[in-house]
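# Geometric and topological summary
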Amino acid sequence: MFFRERPVYKRQRETLYRLNETFFMLVLGIETSCDDTGVGIVDETRTIRANVVASQLQQHKPYGGVVPEIAARAHLDVIDAVLEEALAKAGLSLKDLDAVAATTGPGLIGGVMVGSMVGKALAAVQKRPFLAINHLEAHALMARLTHDVAFPYLLLLLSGGHCQLLLVRGIGNYRLLGRTIDDAVGECFDKVAKMLGLGYPGGPLVERAASQGNPRAFALPRPMLGRDGCDFSFSGLKTAVRTQLHGRTLTPPLVSDMAASLQEAIADTIDDRTRHALDQIRKENQGITALVASGGAASNACLRARLESLALEKGVPFAAPPPSLCTDNGVMVAWAGLERFRRGESDGFDVAARPRWPLEEKRTA
Ligand code: KG4
Ligand code: ZN
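Residues numbered from 1 in each chain as written. Chains lettered and ligands numbered in written order. Predicted model: local features only at pLDDT ≥ 70, side-chain atom pairs only at ≥ 80, totals over all residues. Heavy atoms only, no water.

### Comments concerning the domain arrangement of the chain
Taken as a whole, the chain is organised into domain 1 (18-143 + 326-341) and domain 2 (152-320). Each of domain 1 and domain 2 has a C-alpha centre, and the two are 27 Å apart. Each side of the interface is counted separately: domain 1 has 20 residues, and domain 2 has 17 residues. Each partner contributes to the roughly 1,600 Å² buried at the junction of domain 1 and domain 2, and carbon and sulfur atoms together form 68% of this total. Of all residues in domain 1, L136, A140 and C326 give up the largest surface area on contact with domain 2, accounting jointly for 34% of the area buried on that side. Across the domain 1-domain 2 interface, the total number found is six residue pairs in polar contact (both at pLDDT 80 or more). For the side of domain 1 that touches domain 2, the leading source of residues is helix α4 (residues 135-146), giving seven residues. Class assignment of the residues belonging to the side of domain 1 that touches domain 2 gives a composition of 10 nonpolar, five polar and five charged. (Domains from an automatic or database assignment. Contact = heavy atoms within 4.5 Å. Buried area = accessible area lost by both parts, 1.4 Å probe. Polar contact = N/O pair within 3.5 Å; in protein donor to acceptor, adjacent residues only side chain to side chain. Helix = DSSP H or I, 4+ residues; strand = E, 2+ residues; numbered from the N terminus. Nonpolar A, V, L, I, M, F, W, Y, C, P; charged D, E, K, R; others polar.)

The following block contains the structure:
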């Protein structure tokens, strides 16, 4: 790949990053919307130059979930060190960057403010464009870096706060096909993990426990199975787990069996809803290049395997970023920033941090 001149790209060639006499656009991304402080650096050849994530796991563990005030302080405490480490790993300095991106929503507002203020400050000091990134869009575009997926594709977004099926037609062009009407899938894993005494973070702990269990040990409901449309529901599943656990002692075999049964019920539901979305797309004669899964819960091996075989059955390629890029990280923010920047976009420093920001909402900036 070679550097292509673009109207937006006003910097002098001499100051661009140099590699084998070729010039590549470099973007740094900052992610602080939940409990991970992430800084990533990517270039336009889809190469990850740095990916540093500081987890706040230990700070939140005693509370069994993310405490917003603790999260915001923890981001503030480590952001400088994470930034320095990312630059050192990439062998770059701030002046080498062509743009700075940061998550400006949706998420826990204190953390989002920390990351977006740092991003704006870096961009202002270095006189570089700033890109305000929607966290969901960052998850949505990640597979374009890891698998070079072309538009349009069907996206299954499975994170701690969101569970959606979207037709990704282009950058900023999202059609919502279905979403959860109550809990998100990650939330369901997290809440059941708490009931099972597995602690926090729930998803990976349920997955580990499930590997020792029998997925047919407990008869759990499959919410929305066979229903029209592509919406999800997980709160009934969570309630069913609570009811079935009532009065029972949490022995390791019981915990493993329930974890496996829950994972299987979630996989069945997700398979059914995604199947509906694929069928709907086919009926509408809407061609897609791939089925893409992204977001923290898309790092679950059982869910990935089910989606992969569904895609195979439907004759659609399947793509999911590696688990470390499904969970929150700065690389996805940097990549979404790069995708927007190379289209000639940038945002003002007056962009506000947003706790809520639906992906399908049109951007006015
Ligand atoms: O995308 P993410 O890192 O943060 C948000 O944007 O919310 O997703 C976090 C969610 C948590 O609910 C976590 O339990 C879930 O993803 N998760 C998993 C796994 N790893 C993370 N769920 C199931 N299995 C996993 N291996
Ligand atoms: Zn996320």
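### Points about the site of ligand 1
Around ligand 1, 18 residues are found, and the nearest of them are G160, D190, G203, E207 and G296. Here H135 contributes a side-chain N or O atom positioned 3.0 Å from an oxygen atom of ligand 1. Measuring from a nitrogen atom of ligand 1, one finds a side-chain N or O atom of N300 at 3.1 Å. Protein burial of ligand 1: of its 550 Å² of free accessible surface, 88% is covered by the chains. Counting residues per element, the ones that place at least two in the shell around ligand 1 are α4, α5 (185-195) and α6 (202-210). When grouped by side-chain class, the residues that make up the shell around ligand 1 number three nonpolar, 12 polar and three charged. (Near = heavy atom within 4 Å. Areas by Shrake-Rupley, 256 points an atom, 1.4 Å probe, with all protein chains shown as cover.)

### What to know about the sheet that holds strand β11 (residues 291-294)
Pairing within the open sheet is mixed, and its five strands lie in the order β10-β9-β8-β11-β12. The open sheet is flanked by β10 (173-179) and β12 (318-319), the only strands paired with a single partner. As judged from the six bridges shared by strand β8 (residues 153-158) and strand β9 (residues 163-170), these two strands associate in the antiparallel manner. Residue pairing across strands places L155 opposite L166, the latter belonging to β9. (Pairing = 2+ DSSP bridges.)

### Structural notes on the coordination of the zinc ion (ligand 2)
Coordination of the zinc ion (ligand 2) by the protein involves H135 (NE2), H139 (NE2) and D328 (OD), with metal-donor separations of 2.0 to 2.1 Å. Counting gaps between the donor residues of the zinc ion (ligand 2) yields the pattern H-x3-H-x188-D. One end of the pair, H135, is in helix α4; the other, D328, is in the loop between α10 (323-326) and α11 (330-341), with 193 residues separating them in the sequence. Each member of the pair, H135 as well as D328, is classed as buried. (Donors = N, O, S within 2.8 Å, 3.2 Å for Na, K, Ca; no water. Buried < 20%, exposed > 50% of the residue type's maximum accessible area, 1.4 Å probe, protein only.)

### With respect to the sheet that holds strand β3 (residues 26-31)
Here we have five strands laid out as an open sheet, ordered β5-β4-β3-β6-β7, and mixed in their pairing. At either end of the open sheet lies a strand with only one pairing partner, and these are β5 (48-55) and β7 (130-134). Put simply, the sheet's adjacent strands are angled 20° from each other on average, direction ignored. When strand β6 (residues 99-105) meets β7, the two strands line up parallel, connected through five bridges. By the bridge assignment for β7, T103 is matched with I133. This element, helix α2 (residues 68-90), spans β3, β4 (36-43) and β5 of the sheet and lies at about 25° to β4. Taken strand by strand, α11 contacts β3, β4, β5, β6 and β7, and its axis lies near 130° from that of β3. (Axes fitted to C-alpha atoms, helices over the stretch in contact; angles between N-to-C directions.)

### What about helix α3 (residues 109-126)?
Helix length check: α3 (18 residues) gives 26 Å between terminal C-alpha atoms against 26 Å at 1.5 Å per residue, within 8%. The set of residues buried in α3 consists of G111, V112, V114, G115, S116, V118, G119, K120, L122 and A123. Contacts from the buried residues of α3 go to β3, α2, β6 and β7. Just past α3, the residue K127 takes up positive phi, approximately 55°. (Expected span 1.5 Å × (residues − 1).)

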